[in-house]
Amino acid sequence: MAEFYLDFEKPIAELRTKLQELSQISSTHPGDAMANCIKMLEAQLDETIRNTYANLSSWQRVQLARHPERPYALDYISRIFTDFMEFHGDRRFADDKAIVGGFARFNGAPVMVVGTQKGRDMRENLFRNFGWPSAEGYRKAMRLMNMADRAGVPVITFIDTPGAFPGVASEERHIGEAIAVNLRDMFSLSVPVIAVVIGEGGSGGALGISVGNKILLMENAYYSVITPEGCAAILWKNRSFAPRAAEALKLTAADLTKLGVADEVIDEPMGGAHVDYDTAAKNLKAALEKNLKALQKLSVEELRAQRYDKFRQIGQVAENTAAALEAAPEQE
């Protein structure tokens, strides 16, 4: 059970604390009255949990996507795949620890797995650059995907990053060009590509490894052109408007499914994926099995065409020109 609680989870934390205290008292002073109190408190806790997570706002889901105890790429890789062999380096400059990748077996069949990786504590976060990939990370990712293309094995990517690293060193190594090359070359891959947003899916940092035939989102993940804080800073000149920006961006899994950006929402355990890693991984594995099976029936030409058409359709809107002209004010 998670020990870290978000602000909106405080009522749940308080009830759990009271329940633990009563359980300790009951162990030394057993009785029917105490047992009834514990039973009533457990019922109240269950109801509070259901009500809390059934009515989450967009901002609260963003907070869950960033939960420090949430499973990261390597947590899912260890539970879903076998024989994972990590590859390092972009063969040009360095090895970016914010992106991991390599061959693995999925239900006995070879696949290429690539993902962004965060750290659990300060030491790990410094090692992983807080999950902000640099130019060499995207070049490493594309090197591995091209390797998978030559080997004829599917590519599965896990996205969990607030964005690409915006530092001077990153710009000096042309991170914009590295992401652009990934966008171009991923459309040309001849193998199935499935992108899964497991936590944060921010800006071009996420898009750089998510040009897939299928885009899947964990229930409490988000996928957006910009973080809510960044959007608020631009529009309102104040990051405190982040909750309002989160609502306007339509960045949740449910919103993106309605808009046709996400293909499927993967259920998480009640309370979030951090509550039960194994159940979250089991649900993700089932979604991967279903989607990979469908994609493997397509030819190379069909895979490329489907991937291209999918992204061409994102953002298309129907506009009633006649109605717009009638509604427009007359100009002298």
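The rules behind the values
Residues numbered from 1 in each chain as written. Predicted model: local features only at pLDDT ≥ 70, side-chain atom pairs only at ≥ 80, totals over all residues. Heavy atoms only, no water. Helix = DSSP H or I, 4+ residues; strand = E, 2+ residues; numbered from the N terminus. Contact = heavy atoms within 4.5 Å. Areas by Shrake-Rupley, 256 points an atom, 1.4 Å probe, with all protein chains shown as cover. Core = buried A, V, L, I, M, F, W, Y, C linked by side-chain atoms within 4.5 Å. Buried < 20%, exposed > 50% of the residue type's maximum accessible area, 1.4 Å probe, protein only. 1 Å grid on protein atoms, 1.4 Å probe; cavity = no way out; pocket = protein on both sides within 12 Å on 5 of 7 lines; lining within 4 Å. Points joined across faces, edges and corners; volume = space filled by probe spheres on them. Nonpolar A, V, L, I, M, F, W, Y, C, P; charged D, E, K, R; others polar. Salt bridge = Lys/Arg side-chain N within 4 Å of Asp/Glu carboxyl O. Axes fitted to C-alpha atoms, helices over the stretch in contact; angles between N-to-C directions. Parallel < 35°, antiparallel > 145°, perpendicular 65-115°, else oblique. Left-handed = near helix turned anticlockwise from the far one by under 90°. Expected span 1.5 Å × (residues − 1). Arc of directions from axis to C-beta. Pairing = 2+ DSSP bridges. Polar contact = N/O pair within 3.5 Å; in protein donor to acceptor, adjacent residues only side chain to side chain.

Participant: Which residues make up the overall build of the protein, and what are the values?
Facilitator: For the protein, the count of helices and strands is 15 helices and eight strands. The C-alpha extent of the protein, read off along each of the three principal axes, is 70 × 70 × 45 Å. For the protein, restricting intrachain contacts to residue pairs at least 6 apart in sequence, the fraction spanning at least 24 positions comes to 73%. A total accessible area of about 16,900 Å² is found for the protein, and carbon and sulfur atoms account for 53% of it.

Participant: Would you mind going over the nonpolar core in detail, with residue names and values included?
Facilitator: Within the largest apolar cluster, 62 residues are counted, with the highest numbers of intra-cluster contacts made by Tyr 76, Phe 81, Met 145, Phe 158, Val 196, Leu 284 and Leu 288. Broken down by element, this core gets its largest block of residues, eight residues, from helix H6 (residues 135–151). Val 196 has contacts with Thr 157, Phe 158, Ile 159, Leu 216, Ile 266, Leu 284 and Leu 288, leaving out every residue within four places of it along the chain. Membership of the second largest hydrophobic core comes to 13 residues, among which are Ile 12, Leu 19, Leu 45 and Leu 56.

Participant: Any details on the layout of surface pockets? Residues and values, ideally.
Facilitator: Taken as a whole, the largest pocket holds about 430 Å³ of empty space. Forming the boundary of the largest pocket are 15 residues, of which Tyr 223, Ser 224, Val 225, Val 261 and Ile 314 lie nearest the centre. At the level of secondary structure, the elements contributing two or more residues to the lining of the largest pocket comprise helix H9 (203–207) and strand S7 (222–224). Looking at the lining of the largest pocket element by element, the count peaks at three residues for H9. Partitioned by chemical class, the residues of the lining of the largest pocket number 10 nonpolar, four polar and one charged. In this structure, the second largest pocket encloses a volume near 230 Å³. What lines the second largest pocket is a set of 13 residues, among which Arg 66, Lys 118, Trp 132, Pro 162 and Glu 200 lie closest to the centre. Residue classes in the lining of the second largest pocket are distributed as four nonpolar, three polar and six charged.

Participant: Please give an account of the pattern of salt bridges that cites residues and values.
Facilitator: Tallied over the entire structure, the rule returns 16 salt bridges. Note that Asp 7 is salt-bridged to Lys 10, the shortest N-O span being 3.7 Å. Residue classification places Lys 10 among the partly exposed residues on the basis of a relative accessible area of 38%. Here Asp 83 and Arg 105 are joined by a salt bridge, their closest N and O atoms 3.7 Å apart. Of this pair, Asp 83 sits in strand S1 (residues 82–86) while Arg 105 sits in strand S2 (residues 99–106); the two residues are 22 residues apart in sequence, bridging distant segments of the chain. Owing to a relative accessible area of 37%, Arg 105 belongs among the partly exposed residues under this scheme. If you follow the salt bridges from partner to partner, you end up with Arg 66, Lys 118, Asp 160, Glu 200 and Glu 229 in one network.

Participant: Outline the packing of helix H1 (residues 10–28) against helix H2 (residues 32–54), listing residues and values.
Facilitator: Two elements in contact, H1 and H2, have axes whose closest approach is 10 Å; the angle formed by their N-to-C orientations is 160°. Classified by the angle their axes make, H1 and H2 are roughly antiparallel. Like other packed secondary-structure pairs, H1 and H2 cross with a definite hand, here left-handed. Along the contact surface, H1 presents Pro 11, Ile 12, Leu 15, Arg 16, Lys 18, Leu 19, Leu 22, Ser 23, Ile 25 and Ser 26, while H2 presents Met 34, Cys 37, Ile 38, Leu 41, Glu 42, Gln 44, Leu 45, Thr 48, Ile 49, Thr 52 and Tyr 53.

Participant: Describe helix H14 (residues 300–313), and please don't skip the residues or the numbers.
Facilitator: In this model, H14 (14 residues) spans 20 Å end to end at C-alpha, consistent with the 20 Å of a helix rising 1.5 Å per residue. For H14, the complete set of buried residues consists of Leu 303, Arg 307, Lys 310 and Phe 311. Buried residues along H14 cover an arc of 85° about the axis, so they all sit on one side. Turned more than 90 degrees off the buried face of H14, the exposed positions are Glu 301, Arg 312 and Gln 313.

Participant: I'd like a description of the pairing of strand S4 (residues 155–161), backed by residues and values.
Facilitator: Burial within S4 is extensive, with seven of its seven residues counted as buried. With burial as the criterion, each face of S4 is covered, one bearing Val 155, Thr 157, Ile 159 and Thr 161 and the other bearing Ile 156, Phe 158 and Asp 160. Pairing of strand S3 (residues 109–116) with S4, which is carried by four bridges, proceeds in the parallel orientation. Paired with Val 113 across the two strands is Ile 156, which belongs to S4.

Participant: Kindly report on the side chain of Arg 70, identifying the contributing residues and their values.
Facilitator: Within the element layout of this structure, Arg 70 appears in the loop between helix H3 (58–65) and helix H4 (73–80). In terms of polar contacts, Arg 70 uses its side chain to reach the side chain of Glu 268, at 2.4 Å.

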